[in-house]
Amino acid sequence: MTLGLTIAILGGAFAVILGGVGSAIGVGLAGQASSGVMSEDPEKFGSLLLLVALPGTQGIYGFLSAFLIILKLGLTGGSVASPSVFQGWQILIAALPVAFTGLVSGIHQGKVCASGVYMVAKQPKDLMKPVIMAALVETYAVLGLLITILLLNGISL
Amino acid sequence: MSVADVQKVHIVAYSGLKKTFINSLQEEGLLQIEKADFDTLGLSTPFTEVTTVEHQLHRLSHALDYLSQWEERGLAEKLFAQKLQVTSREREEILSEDFIPLLDQVENCEKEKNDIDSHLRFLEKEEEFLRSLQSLQLPIKSVADTETTEVVMGIMPLASFRELSAETGEEAFWSHVISQGKRHVHLLLVYLKSQKEHYRQILKDNNFSPLYFTETMLKEAGDQGKVMDVIQALSKEKDLEKGKRELLEEKGKELASSREQLMRIHDVLLNEREKRLSSRNLGETTRAIFLEGWIKTVDIPRLEAKLLPFSELVQCYFRPPLPEEDPPIILENPRIGRPFEIITKLYGLPQRGTLDPTLYLAPFFFLFVGLTVSEAGYGLLVALSSFLFLKFAKPRGGLRQFLTLMAILGVATVILGTLVGGWFGFPIRKLMILDPLKDPVSFLILSLALGFIQVWFGTLLNMISRIKSKEYLQAIFVQGGWLILLPSLVLYALMKQSVWGILALVGAAGIVFFAAPSRNPIARFFGGLYSLYDVSRYLADVLSYSRLLALGLATSVIAMVVNTLCQTALDIPWVGWLFAALIFVGGHLFNLGISFLGGFVHSMRLQFVEFFSKFFKSGGKPFKPFALESKYVEFI
């Protein structure tokens, strides 16, 4: 196993870890808020679930990017690529956009969702409005994912 | 396609007709009643009492909630159940029914059950207390002070008890361990009254807390009863109470069969309340009633036909809304566009005299959801399940509209998924026009091009609505300027032909000279120059559409991941196929959920933030006709 390959794998790990941490904190925030609301009104489970699940996408984007890296390196089976040290760094850097936008936007989306949960508690009919607000935050994770995919696509091994 | 015409209606009727009149208005549901301007008209407001009805409604819905625990229907049955139907004649009958005894029965049942439950809890606590003392072989009554000694029962930490034994070893102090737990010990203590201050202090220092038998226990025990006897008596009482509770449970089940009756009454009363509330908006003189409201212009003949039987006693006047009035907004679209009204309504209804964006956003929304989900298999599942639910469960109102929208979006996903995605992660290469995984740049350009078209179209709509509101200069030079500037900039950048450059300058000139409203030519020029800076906003708006690529790719890659995992699972000997099947179904369902959620929400955001900001003004009031409302039943 070469140093280049190791650095590239570190990139994949970054994408999953940071995206996952962001989502975990975000979903945690929204989940706490919704449990509070459900203690008063258990009927709202369905609509609150949507808001709690929303900050989960950053983790999926990170996972997805890591999987693309795995595919690129041929780690699922067959012949494992042997990238040079420079190529390894390139892959690691390519993973950074999705990793960091995922970390920060996941946390903040969680906060928006948590306050959205309180809003739905008072205005159950306006469920979609906080969902849209949360999607505004998610934009930056989507853009991070987009650039990671394009960068990975551009790196030739 | 647009906003429906509404007219103001004023109705004057003979006051003897009031009740029949209001009934028929509610049945038809054509009119939104406004509060009449009593002061200028010199009319009085009739007083109608609603608190009784409201109180009854409250009791009814509470009783229905309570009885719902005995409802014996599965989830599927609930989903596909038809609502109870109630005709208008039945409504009259229901109104004269005396349902109060039934309601009382339900409430009593609930109250008795609650009483029994709290009594049972009390008994259990007592029993728990006695269990720790059960080895005490004395009659309970004898645990009491004598003339010369104090007798105390209590609990103490084990460690403190050892110290206590050491401290009081030789003295006139007798202790008996009733029971010993891991950390605590239950004690019976006897000491001389003459030294009670001394011992009490020692006990206090050793964290002793006294325990007492309650009145009920003493009563149960009588003169000779021991702890075990009381425990037995208590459990006998518990059984008795449990028996009563079961009887009540039976009664509850029985009462639950009359839920349907209560549901009917609830909904009929609900409308009774609405009627009473609405009649507060009427103006009244001794002989006549006066009513003011809004009605759709196309509905006027229906209202007139309805009032024909009373034509001699009723007079209606219709007129178009005055400029200073704010009539309610009713969206009117052809059938195919109607489900998309959900999206417009979510943002807000258009202001009076502005465009209804529903039909304009529909094709874009259709495309965007298709591209962001881009999985034909998921589209097929969503379209089929929405369609089946619509066909068999026959939902009404908002749910029906939403499911129709989902069915349409499912079809969009089938089409676009086949073209740029796959079927459950397997692309059909022959039918594909573009593979975003292999050629993401082309897909990105496609996304941005779609974004450019929508943003440009939004600016065009802005121009049209400005022309409608007679702001010709703004419309032609500023909006027109943008409409020329934006595409020529793009074309110039792509082809470097000077003709596009000149066109861009022409467009920009219009913006520079007409965008700022100032009369001072210098301020006007620089103000106009500043609004050219908006070009960066247009750029940002168009770039925002790159999410179409990212979300579309995310769906395909996750689908691929699921399939790869299945492949790996297949290698497990013997049960590999089972794991593979589970991963396939679970993984794809999960992906379906998140990709539709993401696709729907982000496509909606593109409409609201990027498209609507160009031309749409929300703030219209919704049309709320005075009509029959129902929660549990369906009125026919």
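Here we summarise the structure given alongside this text.

Conventions used here
- Residues numbered from 1 in each chain as written.
- Chains lettered and ligands numbered in written order.
- Predicted model: local features only at pLDDT ≥ 70, side-chain atom pairs only at ≥ 80, totals over all residues.
- Heavy atoms only, no water.
- Helix = DSSP H or I, 4+ residues; strand = E, 2+ residues; numbered from the N terminus.
- Rg over C-alpha atoms; globule rule 2.2 N^0.38 Å.
- Buried < 20%, exposed > 50% of the residue type's maximum accessible area, 1.4 Å probe, protein only.
- Lys, Arg positive; Asp, Glu negative; His and termini not counted.
- Charge placed at Lys NZ, Arg CZ, Asp CG, Glu CD.
- Contact = heavy atoms within 4.5 Å.
- Salt bridge = Lys/Arg side-chain N within 4 Å of Asp/Glu carboxyl O.
- Buried area = accessible area lost by both parts, 1.4 Å probe.
- Polar contact = N/O pair within 3.5 Å; in protein donor to acceptor, adjacent residues only side chain to side chain.
- Nonpolar A, V, L, I, M, F, W, Y, C, P; charged D, E, K, R; others polar.
- Phe/Tyr/Trp six-rings, centres within 6.5 Å; stacked < 30°, edge-to-face > 60°.
- Core = buried A, V, L, I, M, F, W, Y, C linked by side-chain atoms within 4.5 Å.
- Pairing = 2+ DSSP bridges.
- Axes fitted to C-alpha atoms, helices over the stretch in contact; angles between N-to-C directions.

On a plain count of helices and strands, chain B comes out with 23 helices and 15 strands. For a compact globule of 636 residues, the expected C-alpha radius of gyration is about 26 Å, and chain B comes in at 39 Å, more than 25% above that figure. Summarising its shape, the C-alpha atoms of chain B cover approximately 120 × 85 × 65 Å along the three principal directions. Here chain B, with 636 residues, has 46% of them falling under the buried criterion. Computed over 68 positive and 72 negative side-chain charges, the inter-centroid distance for chain B is 8 Å.

Another aspect to go through is the environment of Q351 of chain B. Residue and element names in this part refer to chain B. Residue placement: Q351 occurs in the loop between β13 (349-350) and α14 (358-373). A relative accessible area of 34% means that Q351 is categorised as partly exposed. Placed 313 residues apart in sequence, Q351 and F38 show a C-alpha to C-alpha distance of 27 Å. With near-sequence residues (within four places) excluded, Q351 lies in contact with I329, K617, S618, G619 and G620.

Our focus in this paragraph is the pattern of salt bridges. All names here are of chain B. Scanning the entire structure with this criterion turns up 29 salt bridges over all chains. K111 is paired through a salt bridge with D115; the nearest N and O atoms lie 3.4 Å apart. One end of the pair is K111 and the other is D115, both in helix α6 (residues 100-131) and four residues apart, which spans about a single turn. Connected via shared salt-bridge partners are K8, E292, R319 and E325.

This paragraph deals with the interface of chain A and chain B. Facing 24 residues of chain A, the contacting portion of chain B comprises 26 residues. Both sides of the chain A and chain B interface together cover about 2200 Å² of buried area, and 87% of this is carbon and sulfur. Inspection of the chain A/chain B interface yields three residue pairs in polar contact (both at pLDDT 80 or more). When contributions to the side of chain A that touches chain B are tallied by element, the ones reaching two or more residues are α3 (57-73) and α5 (128-154) of chain A. With 15 residues, α5 of chain A is the single largest residue contributor to the side of chain A that touches chain B. Residue composition of the side of chain A that touches chain B, by class: 20 nonpolar, two polar and two charged.

The subject of this paragraph is the packing of aromatic side chains. All names here are of chain B. Counted according to the given criterion, the structure contains 27 aromatic pairs over all chains. Their ring planes at 80° and their centres at 5.0 Å tell us that Y347 and F612 sit as a pair that is edge-to-face. Placement of Y347 in helix α13 (residues 341-347) and of F612 in helix α23 (residues 576-615) is noted, with a sequence separation of 265 residues between them. Centre to centre, the rings of W482 and Y538 are 4.7 Å apart; their planes meet at 40°, and the pair counts as tilted.

A separate point is the side chain of S278 of chain B. Residues and elements named next belong to chain B. Note that S278 resides in helix α11 (residues 259-279). You can call S278 buried: its relative accessible area is 12%. When sequence neighbours within four positions are dropped, the list of residues in contact with S278 reads I33 and F626.

On to the nonpolar core. Core analysis: the largest hydrophobic core is formed by 52 residues, its most contacted members being Y61 and L145 of chain A. With near-sequence residues (within four places) excluded, Y61 of chain A lies in contact with V98, E138, A141, V142 and L145 of chain A together with L551 and A554 of chain B.

Moving on, we come to unusual backbone geometry. All names here are of chain B. Phi is positive for K394, close to 45°, though the residue is something other than glycine. For K394, the position within the fold is in the loop between α15 (376-393) and α16 (397-420). The phi dihedral of K470 is positive, around 65°, even though this residue is not glycine. Along the chain, K470 turns up in the loop between α17 (440-468) and α18 (472-495). Relative accessible area serves as the criterion here: at 60%, K470 is assigned to the exposed category.

Residues and elements named next belong to chain B. If you walk across this open sheet you meet the four strands as β6-β7-β5-β8, and the pairing is antiparallel. The open sheet has two edge strands, β6 (173-180) and β8 (209-211), and neither has a second partner. Looking at each pair of strands side by side, their axes are set apart by 35° on average, direction ignored. Sheet topology places strand β5 (residues 149-157) next to strand β7 (residues 184-192); nine bridges connect them, and they run antiparallel. Of the residues in β7, the one forming a bridge with V151 is V190. Of the strands in this sheet, β5, β6 and β7 are in contact with helix α7 (residues 158-167), which crosses β5 at around 140°. Against the sheet, helix α8 (residues 196-205) makes contact with β5, β6 and β7, and its axis sits at roughly 165° relative to β7, the strand it touches most.

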